[in-house]
Amino acid sequence: MQNKLDQLKSMTVVVADTGDMDSIRTFKPTDATTNPSLILKAAQMPAYSGLVDEAVAWGKAHKASVQAVTQRLAVNFGSELSKIVPGRVSTEVDADLSFNTAETVARAREIIADYASRGIGKERVLIKVASTWEGIRAAEILQKEGIDCNLTLLFSLAQAVACGDAGVFLISPFVGRILDWHVKNDGKTFTAEEDPGVISVRSIYAYYRAYGIKTVVMGASFRNTGEIEALAGCDRLTISPQLLDALMKDEGTLVRKLDPVSAAKNAPAKISADENTFRFLMNEDAMATEKLAEGIRGFVKDLRTLRDIISKRM
């Protein structure tokens, strides 16, 4: 009997949600994703001090800004990850640009150019951007330039529809953070089948399949293996090392829960993705509005901490 991780890999592309190279070597995912919080954590691990040292030395030699050095550090991690995974690596544009379309586009181009200078083509990279209206517009521009994007901090169907209409390559709906909000606000616990985060991703997956939207759905931010198992068959799932380990140790049978044909039969009604509708639907959705803002604040906080570390080294 295969373990549940191997069974999951047979129906879903498994992505490692970490900057820790050793974990990736252990679990052999197809892709890897990082974010400011993961980079901050990994940058403080002795095993990766060389990547930090290189970025700092580069910054001193080029009289670069602290922002440029932290961006180079993110690409340093991505470059190393690209040597381990056969697929793509996601690298995030600075979260404090989440409401600035032009600067997001400019930074994304810089990241792609940095990868290219190391011999890593854009087909190996996903540019990660928050799913704000401005972030989605930036991704639309980048996609037309052949730069594939991963729209993160996604909590609602409205965000997913706007991303699909913009031709975004991939979205990362945050399952666990949706659950967190409902546990706190509803004062109850949920089974995997009742989990609001699971239900949200199933709804998005069904919508995309029903209306022929090609954007890849990659569930993210899991709190337990039950959520992962409830989304078995989703296009991709990005999973932390701890949960990958739990799946690898579980010898039970994994049942496929999502497939394109049956999902499309239960799709939500089609909605508009124009700016007015997007902003109104987000305003109506307290959970999505709060978790998007909270997520950006959290990433910015960790980005600032990372910049402080780099600044002291500079």
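Heads up: these notes are all about the structure in this document. Each chain has its residues counted from 1, running along the sequence as written. Side-chain atom pairs in this predicted model are given and counted only at pLDDT of 80 or more, local residue features only at pLDDT of at least 70, and totals for whole chains, interfaces and linings cover all residues. Side-chain numbers come from the whole structure's heavy atoms, not from hydrogens or water.

Tracing the backbone shows T238 in strand 8 (residues 236–239). Given the relative accessible area of 3%, T238 is considered buried. A distance of 3.1 Å separates a polar atom in the side chain of T238 from a polar atom in the side chain of T33. If near-sequence neighbours (up to four positions away) are discounted, T238 is found in contact with V15, A16, D17, T33, M218, G219, A220, S221 and F222. Note on conventions: DSSP H or I runs of at least 4 residues are helices, E runs of at least 2 residues are strands, and numbering of each starts at the N terminus. Between buried and exposed lies partly exposed: a residue is buried under 20% and exposed over 50% of the maximum accessible area for its type, with that area taken using a 1.4 Å probe on protein chains only. Here a polar contact is recorded for every N or O atom pair within 3.5 Å, except that within protein the pair must consist of a potential hydrogen donor and a potential acceptor, and residues adjacent in sequence are included only if both atoms are side-chain atoms. Should any heavy atoms of two residues lie within 4.5 Å, those residues are counted as being in contact.

Before going further, it helps to examine the nonpolar core. What we call a nonpolar core is a set of buried Ala, Val, Leu, Ile, Met, Phe, Trp, Tyr and Cys residues that are connected through their side-chain atoms within 4.5 Å. Of all hydrophobic cores here, the largest spans 96 residues; its most connected members are L73, I127, I171 and I239. Examining the composition of this core, we find that eight residues originate from one element, helix 15 (residues 286–313), more than from any other. In contact with I171, not counting residues within four places along its chain, are N150, L151, L154, A160, C163, I204, Y208, T215, V216, V217 and M218. Counting residues in hydrophobic clusters, the runner-up holds five residues, among them V15, L126, V216 and M218.

Burial along strand 3 (residues 89–92) is two-sided: the residues V89 and T91 and S90 and E92 are all buried. Relative to strand 3, strand 2 (residues 31–33) is paired through two bridges, and the arrangement is parallel. In the strand pairing of strand 3, A32 is matched with V89. Any two strands are treated as partners once DSSP identifies two or more bridges connecting them.

Another aspect to go through is helix 3 (residues 36–43). Among the eight residues of helix 3, six are classified as buried, and the element is accordingly described as predominantly covered. Residues P36, L38, I39, L40, A42 and A43 constitute the buried set of helix 3. Close packing links the buried residues of helix 3 with strand 1 (13–17), strand 2, helix 4 (49–62), helix 5 (66–82), strand 3 and helix 15. With a side-chain oxygen positioned 2.9 Å from the backbone nitrogen of S37, the residue opening helix 3 is N35.

Right, let's talk about the sheet that holds strand 8 for a bit. As summarised here, the arrangement of the eight strands in space is 1-2-3-4-5-6-7-8, forming a closed barrel in which the pairing is parallel. Strand-to-strand, the axes of this sheet are offset by a mean angle of 30 degrees, without reference to chain direction. Across four bridges, strand 4 (residues 125–130) lies against strand 5 (residues 149–154) in parallel orientation. By the bridge assignment for strand 5, V129 is matched with L151. Fitted lines through C-alpha atoms give the axes, limited to the stretch in contact for helices. The angle between two N-to-C directions lies from 0 to 180 degrees. Packing against the sheet, helix 15 makes contact with strand 3, strand 4 and strand 5, and its axis sits at approximately 115 degrees to strand 5.

Further remarks concern unusual backbone geometry. A positive phi angle is found at L153, which is not glycine, with a value near 50 degrees. Here L153 is to be found in strand 5. Given a relative accessible area of 1%, L153 falls into the buried group.

The axes of two packed helices give the description: the angle between them and the distance between them. Relative orientation of the contacting elements helix 14 (residues 275–284) and helix 15 amounts to 95 degrees, with a least axis distance of 5 Å. One finds that helix 14 runs roughly perpendicular with respect to helix 15. Every residue of helix 15 that contacts helix 14 at M282, N283 and E284 is listed here: A286, A288, T289 and L292. Here the angle decides the label: under 35 degrees means roughly parallel, over 145 means roughly antiparallel, 65 to 115 means roughly perpendicular, and every other value means oblique.

Pairs were defined over the aromatic rings of Phe, Tyr and Trp, the Trp ring being its six-membered one, requiring ring centres within 6.5 Å. Orientation was assigned from the angle between planes: stacked under 30 degrees, edge-to-face over 60, tilted for the rest. Per the counting criterion, the structure on display carries four aromatic pairs. Ring centres 5.8 Å apart and planes at 65 degrees place the aromatic pair Y48 and F77 in the edge-to-face group. Linking Y48 in the loop between helix 3 and helix 4 with F77 in helix 5, this pair joins segments that are 29 residues apart in sequence. Considering the side-chain rings of W133 and F278, the 5.2 Å spacing of their centres and the 50 degrees angle between planes classify their relative orientation as tilted. With W133 in helix 7 (residues 133–144) and F278 in helix 14, this pair connects stretches of sequence that are 145 residues apart. Given the relative accessible area of 5%, F278 is considered buried. Whether a charge sits over a ring comes down to the Lys NZ or Arg CZ being within 6 Å of the ring centre and within 35 degrees of the ring normal. One residue, R88, lies across the ring of F169, its end atom 4.5 Å from the ring centre. Its end group placed over the ring of W133, R137 keeps NZ or CZ at 4.3 Å from the ring centre.

The interhelical angle for the contact between helix 6 (residues 101–117) and helix 7, taken along N-to-C directions, is 45 degrees, at an axis separation of 8 Å. Here helix 7 runs oblique to helix 6, going by the angle between their axes. Crossing angle aside, the handedness with which helix 6 passes helix 7 is right-handed. Contact residues: helix 6 offers T101, T104, V105, A108 and R109, while helix 7 offers E134, R137, A138, I141 and L142. Basically, the charged four are Asp, Glu, Lys and Arg, the nonpolar ten are Ala, Val, Leu, Ile, Met, Phe, Trp, Tyr, Cys and Pro, and anything else, Gly included, counts as polar. Classifying every residue of the contact of helix 6 with helix 7 gives five nonpolar, two polar and three charged. We call a crossing left-handed when the near helix sits turned anticlockwise from the far one by less than a right angle, and right-handed when that turn is clockwise.

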